[in-house]
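# Coordinate analysis (summary)
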Amino acid sequence: MTALNISTDIPTSINTLEKLAAWVGLALERCNPGKKILESPETEPQRVAQAVLIRADDASHRMVIRVSIPVNSGYAENSTVKFWQNALEIDTTALPTAYKAN
C-alpha cells in the first residue's frame, strides 16, 4: 500500500474533489507505472492506473483517469464499514515527495 498521511501528504492547494481526483490518479499512475492486470481473457493486460490528457470536441483539455483498485472479497458481507474501506493496496511504493508539496 502506498501509505498516506492525510494531514501532511495531500497538498493544501487541493481544495475540490476534482483536484483531489486528479492528484490521486496521477499519484497512482506514478507509483504503479508497470503494474498490469488481466481484466478479461479476451483482452490484453491493462495498466492498473492511467491518467491521460485528451482534447474534447469543444477544444477543452480533459484528464481521463482509469484506476483498477483491488477490493476485499468479503466486501458484500461487511456492512459495518464504508465501501471504500474495502479497497486493498495495489503495491507498497512510497508516495514521491513531489506529490506532497504545493
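The structure presented is a predicted model; accordingly, all values stated were derived computationally and were not measured. (Residues numbered from 1 in each chain as written. Predicted model: local features only at pLDDT ≥ 70, side-chain atom pairs only at ≥ 80, totals over all residues. Heavy atoms only, no water.)

### Digging into helix α2 (residues 17-31)
- An ideal rise of 1.5 Å per residue puts 21 Å on 15 residues; α2 measures up with 21 Å between its terminal C-alpha atoms.
- Those residues of α2 not exposed but buried are Trp23, Gly25, Ala27, Leu28, Glu29 and Cys31.
- Of the surrounding secondary structure, the elements contacted by the buried residues of α2 are α1 (6-9), β2 (46-47), β3 (49-55) and β4 (61-67). (Helix = DSSP H or I, 4+ residues; strand = E, 2+ residues; numbered from the N terminus. Expected span 1.5 Å × (residues − 1). Buried < 20%, exposed > 50% of the residue type's maximum accessible area, 1.4 Å probe, protein only. Contact = heavy atoms within 4.5 Å.)

### Looking at the environment of Leu26
- Note that Leu26 resides in helix α2.
- The class of Leu26 is partly exposed, set by a relative accessible area of 31%.
- Along the backbone, Leu26 and Pro45 are 19 residues apart, and their C-alpha atoms lie at a distance of 20 Å.
- For Leu26, the contacting residues outside a window of four places in its chain are Ala51, Met63 and Tyr99.

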